[in-house]
Amino acid sequence: MKITTVYGPVSSWRLGRSLGIDPICAERKICTFDCMYCSLGRTARKTVDRRIFVPARVVERALKEALKKVEADVVTFSGTGEPTLAENLGELIETARDVSGLPIAVLTNSSLLFRKDVRRELARADVVKGKLDASNDELFKRINCPHEKISLSKVIKGLENFRKEFAGSFALEIMFVPENKQFSEEIAKIVRTIKPDEIQINTPLRPSPVRPLTPAELRDVQKSFKGMNFRTVYKAGKPRVGKVIGKKKIKKLKRVD
Ligand code: SF4
C-alpha cells in the first residue's frame, strides 16, 4: 500500500499555506486522546507508546517530490494521530527543514510534553501549537478522553516546562465546545501561567460530532482572555492555495474547506 505522508498545502488560518506531513500514517487514528470533537472519528488505538511509524528516508523522498509540484509557506507535522507518538519526530523535523528550507511547525495535543525526550525533539521545530481544552480532571476526561496514564496536571506541567525551554514561536489552542464554554475563566487562568506567545480560540468548524459555538458564544468566551494575545477562528482570514497533492489524504483528514 502506498503511504501518503506528505499532503497539501492546505489553507490554515494559523499558518498560511501549510504543507502537511503525517508522521503516523495510520489507516485509522492512533492518538493519546479520543477528543469528543475529533473530526477523524473515534481513536482506533489509544496509546502512549512511541515508535517509528514512517522512516525519515520516506519523508525525505516524498517531500522532495511534493516540492517540485506545489508551493507552501510552512511544513506542518499533523495527520492521522498525535505527532509526538513518532519516536523519530526530531529526525523528521530536521529532514523536513533540510529538504524544504521552510519553517517547520508541529501541532500537538500536549499530552506527552511531560516527557523530557519529547520536549527536546519538539524544540527543534520553529513553531509549535499545543492544546488545552479543560481546567479540571472531570472536564479533561469528558472532552479529551485521554489515555489512562495522562492526567491534566501532567499536561499543564509539560506545557509550562516546554514554554520555558522552547525558543521558537509557541501557540496554545483551546477548542471551545458547549461542554467547556462555561469554564473559560478557569481555563484562561491556567493559560496565564503557561504564557504562550499566542492563544488560538477555536471551535470545531470542520465536520465533527459536536456542534461548534456560534460567533456570539465565542465572543462571550473570548472576554475571559482579555489582555492576552489571542486570535479566534471566526475572525481569521485564510490564504488561497494553488495546486495540491494527496487529495485523498486531505479528504480523509477533513481538511477541505
Ligand atoms: S488530539 Fe487531535 S487527533 Fe487526537 S483525538 Fe484529539 S482532535 Fe483527534
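Criteria and thresholds
Residues numbered from 1 in each chain as written. Predicted model: local features only at pLDDT ≥ 70, side-chain atom pairs only at ≥ 80, totals over all residues. Heavy atoms only, no water. Axes fitted to C-alpha atoms, helices over the stretch in contact; angles between N-to-C directions. Helix = DSSP H or I, 4+ residues; strand = E, 2+ residues; numbered from the N terminus. Parallel < 35°, antiparallel > 145°, perpendicular 65-115°, else oblique. Left-handed = near helix turned anticlockwise from the far one by under 90°. Contact = heavy atoms within 4.5 Å. Nonpolar A, V, L, I, M, F, W, Y, C, P; charged D, E, K, R; others polar. Phe/Tyr/Trp six-rings, centres within 6.5 Å; stacked < 30°, edge-to-face > 60°. Buried < 20%, exposed > 50% of the residue type's maximum accessible area, 1.4 Å probe, protein only.

Where do I start with the packing of helix α1 (residues 56-69) against helix α2 (residues 89-100) in this structure?
Packed helices, taken two at a time, are described by the angle their axes make and the gap between the axes. Two numbers describe how α1 lies on α2: the axes approach to 9 Å, and their chain directions differ by 25°. Judged by the inter-axis angle, α1 sits roughly parallel to α2. Every pair of crossing elements has a handedness; the one defined by α1 and α2 is right-handed. Contacts from Ala56, Val59, Glu60, Leu63, Lys64 and Leu67 of α1 reach α2 at Glu91, Leu92, Thr95, Ala96, Val99 and Ser100. Here the residues of the contact of α1 with α2 are counted per class, giving seven nonpolar, two polar and three charged.

Got a minute to help me understand the packing of aromatic side chains in this structure?
The geometry of two aromatic rings is summed up by the distance between their centres and the angle between their planes. Counted by the stated rule, this structure contains four aromatic pairs. Seen in terms of ring centroids, phenylalanine 162 and phenylalanine 170 are 5.4 Å apart; in terms of plane orientation they differ by 75°. Their pairing is edge-to-face. With relative accessibility at 0%, the residue phenylalanine 162 sits in the buried group. Geometrically, the ring pair formed by phenylalanine 176 and phenylalanine 225 is edge-to-face, given 6.2 Å between the ring centres and 70° between the ring planes.

Just checking my understanding: could you explain the environment of cysteine 145 for this structure?
Looking at the secondary structure, you find cysteine 145 in the loop between α4 (137-144) and α5 (152-165). When its relative accessible area of 26% is taken as the criterion, cysteine 145 is described as partly exposed. Counting along the chain gives 125 residues from cysteine 145 to glycine 20, while the straight-line C-alpha distance between them is 25 Å. In contact with cysteine 145, other than residues within four places in its own chain, are Phe33, Asp34, Lys46 and Phe140.

Remember that the coordinates give geometry; whether it matters functionally is a separate question.
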